[in-house]
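One-letter residues, chain by chain:
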Amino acid sequence: MNRNIIITGGAGFIGSHVVCLFVNKYPDYHIINVDKLTYAGNLANLTDIENAPNYTFIKADICDFDKMVSLFAEYNIDGVIHLAAESHVDRSIKDPFTFAHTNVIGTLSLLQAAKNQWKGNYADKRFYHISTDEVYGSLQFDGTFFTEDTAYSPHSPYSASKASSDHFVRAFHDTYGMPTVITNCSNNYGPYQFPEKLIPLFINNIRHSKPLPVYGKGENVRDWLYVVDHARAIDVIFHEGKIAETYNIGGFNEWKNIDLIKVIVKTVDRLLGNPDGHSLRLITYVTDRAGHDLRYAIDSNKLKKELGWEPSLQFEEGIEETVRWYLDNQEWLDNITSGEYEKYYQEMYKG
Ligand code: NAD
Ligand code: TYD
């Protein structure tokens, strides 16, 4: 079946994996990647498919409603996979307005543009919104998990903005009958992640013998999922997920930050040929992140039971591949971490 699908945020970390998967797997689909190319967007993530005949890149801001309306009409869009967002918690603490604008108004702008285009004719249409487990708040060390029924309790400006966007998506289903689906995923890792997030930041800092800033005591827990497995889940849910449903996506792979950091240090040292434990000296405990959520853990059994998805990669394998990728793609890292980002990192972020 021919489909015209807008993927927003397709030049970012997860979006670029989703774009590549869809462009390669579905030659009959026209994939239109709409991305503003903020600091986090990078067309170098897409070189594998940039010349594919079923792929179009449009540089645009999702908050530009008139532009979204014209794109939906020009390409006769029947599907949306919405990933564009401001995504880093630390930036949201410094600049919450940008997060409210992009994540809330941007999502509303896309919903309204889809509504204008589809005019109540929702046959074969779909609006798929990608969200985060962070909307559920924080768990204690008590073995419980976030399920699809967990009440929203966001703590950071980032998670508050994502929670708000989720509510708008549900409102468009309940009010206008739009065929929506939402997924809430745990922390992703893998190639092409912007090196302000924990795993690529620490790999890069070890490479340059720079301090590894561990927030608080390093006891916070995250559930880590390989990004390619997330992209596979998005494919399954876009095609087979039930309308108006929510699915949690996770790896059943919880790691205390400090334990994960030690695995990263060990792997990078081994691959760089350093003696075992060489870079442990770089670990530096710093002031905790404000409002730092203690623990995230996702129960993704609904997705497994209803749609048969589960993670394909063991964490040990995924982390090895990831570290290798960053060490083999130092030019990609250096292009990002030089210039403006380096200034931001020094002066604002860790200053
Ligand atoms: P990212 O920051 O790497 O990429 C975001 C992309 O969105 C960039 O390409 C950026 O240029 C684009 N963008 C930002 N503002 C835009 C705007 N106004 N208009 C058009 N494009 C814009 O983010 P990511 O880590 O790939 O996350 C993608 C989505 O997945 C986000 O919605 C995020 O909330 C969600 N998510 C991320 C994770 C994770 O671990 N990274 C986990 C769960 C959910
Ligand atoms: P991050 O990659 O920013 O993802 P999120 O905040 O969305 O979970 O951070 C992952 C964990 O690592 C989180 O508990 C914060 C912690 N962290 C550090 O200890 N130091 C750092 O420099 C960064 C970026 C994160």
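Structure: see above.
Residues numbered from 1 in each chain as written. Chains lettered and ligands numbered in written order. Predicted model: local features only at pLDDT ≥ 70, side-chain atom pairs only at ≥ 80, totals over all residues. Heavy atoms only, no water.

> Explain the site of ligand 1 to me, please; I cannot follow it from the model alone.
Near ligand 1 lie 28 residues; those nearest to it are Ile-14, Asp-35, Ser-87, Tyr-158 and Lys-162. In the model, an oxygen atom of ligand 1 is placed 2.7 Å from a nitrogen or oxygen of the Tyr-158 side chain. Compared with its free state, where it exposes 840 Å², ligand 1 has 97% of that area covered by protein. When residues of the shell around ligand 1 are traced back to their parent elements, those giving at least two are helix 1 (13-25), strand 5 (126-132), helix 5 (157-176) and strand 7 (187-189). Among the elements that line the shell around ligand 1, the one with the most residues is strand 5, at three residues. Of the residues in the shell around ligand 1, the class split is 13 nonpolar, 11 polar and four charged. (Near = heavy atom within 4 Å. Polar contact = N/O pair within 3.5 Å; in protein donor to acceptor, adjacent residues only side chain to side chain. Areas by Shrake-Rupley, 256 points an atom, 1.4 Å probe, with all protein chains shown as cover. Helix = DSSP H or I, 4+ residues; strand = E, 2+ residues; numbered from the N terminus. Nonpolar A, V, L, I, M, F, W, Y, C, P; charged D, E, K, R; others polar.)

> Just to check I follow, could you spell out the site of ligand 2 for this structure?
Of all residues adjacent to ligand 2, which total 20 residues, the nearest are Glu-134, Pro-213, Arg-222, Arg-289 and His-292. Contacts to ligand 2 include Arg-222, whose side-chain N or O atom sits 2.8 Å from an oxygen atom. Take Arg-289: an N or O atom from its side chain is 2.5 Å from an oxygen atom of ligand 2. Starting from 510 Å² of accessible surface for ligand 2 in isolation, the protein chains cover 97%.

> Honestly, the sheet that holds strand 9 (residues 221-226) in this entry has me stumped. Any pointers?
A sheet is described by the order of its strands in space; here three strands give the open sequence 7-9-11, paired in mixed fashion. One side of each edge strand has no neighbouring strand; the edge strands of this open sheet are strand 7 and strand 11 (254-256). Across the sheet, the mean angle from the axis of one strand to that of its neighbour is 50°, orientation sign disregarded. Relative to strand 9, strand 7 is paired through three bridges, and the arrangement is parallel. When the sheet's bridge partners are listed, Asn-188 is paired in strand 9 with Leu-225. Sheet strands in contact with helix 7 (residues 227-240) are strand 7 and strand 9, and its direction is about 70° off that of strand 9. (Pairing = 2+ DSSP bridges. Axes fitted to C-alpha atoms, helices over the stretch in contact; angles between N-to-C directions. Contact = heavy atoms within 4.5 Å.)

> Sorry if this is basic, but what is going on with the packing of aromatic side chains here?
Under the defined criterion, the tally for this structure stands at 20 aromatic pairs. Residues Tyr-26 and Tyr-29 carry aromatic rings whose centres are separated by 4.6 Å and whose planes lie at 10° to one another, so their mutual orientation is stacked. What makes Tyr-26 buried here is its relative accessible area of 16%. For Tyr-29, a relative accessible area of 9% puts it in the buried group. Between Tyr-39 and Phe-194 the ring centres are 5.0 Å apart and the planes differ by 90°, which places this aromatic pair in the edge-to-face class. Highlighted residues: Tyr-39 in the loop between strand 2 (29-35) and strand 3 (55-59) and Phe-194 in the loop between strand 7 and helix 6 (198-207), separated in sequence by 155 residues. Residue class for Tyr-39 comes out partly exposed when judged on its relative accessible area of 29%. When its relative accessible area of 9% is taken as the criterion, Phe-194 is described as buried. Every member of this aromatic cluster is reached through a ring pair, and the members are Phe-22, Tyr-26, Tyr-29 and Phe-238. (Phe/Tyr/Trp six-rings, centres within 6.5 Å; stacked < 30°, edge-to-face > 60°. Buried < 20%, exposed > 50% of the residue type's maximum accessible area, 1.4 Å probe, protein only.)

> Looking at this model, I keep getting lost on helix 6. Mind explaining?
At 3.6 residues per turn, the α-helix brings residues three or four places apart onto the same side. Counting buried positions along helix 6 yields nine of 10 residues, so the element is predominantly enclosed. The set of residues buried in helix 6 consists of Ile-199, Pro-200, Leu-201, Phe-202, Ile-203, Asn-204, Asn-205, Ile-206 and Arg-207. Ser-209 occupies a position one or two residues after helix 6 and carries a positive phi of about 50°.

> Explain the environment of Ser-131 to me, please; I cannot follow it from the model alone.
Within the secondary structure, Ser-131 sits in strand 5. Judged by relative accessible area, Ser-131 falls into the buried class, the value being 6%. Residues Ser-131 and Leu-83, 48 residues apart in the sequence, show an inter-C-alpha distance of 7.9 Å. Once residues within four sequence positions are removed from consideration, Ser-131 is found in contact with Lys-162, Asp-166, Ile-182, Thr-183, Asn-184 and Cys-185. One polar contact links Ser-131 to Asp-166, side chain to side chain, over a distance of 2.9 Å.

> Is there a simple way to explain the pairing of strand 2 in this structure?
Looking down a regular strand, the side chains alternate between one sheet face and the other. Counting buried residues in strand 2 gives six out of seven residues, a clear majority hidden from the surface. When strand 1 (residues 3-8) meets strand 2, the two strands line up parallel, connected through six bridges. Note that in strand 2 the partner of Arg-3 across the bridge is Tyr-29. Where the polypeptide runs from strand 1 across helix 1 and back to strand 2, its parallel neighbour, the crossover connection is right-handed. Relative to strand 3, strand 2 runs parallel, the two sharing five bridges. Among the inter-strand pairings, Ile-31 is bridged to a residue of strand 3, identified as Tyr-55. (Right-handed = clockwise from strand over helix to strand, strands pointing away.)

Keep in mind that these numbers describe shape and distance, not what the molecule does.
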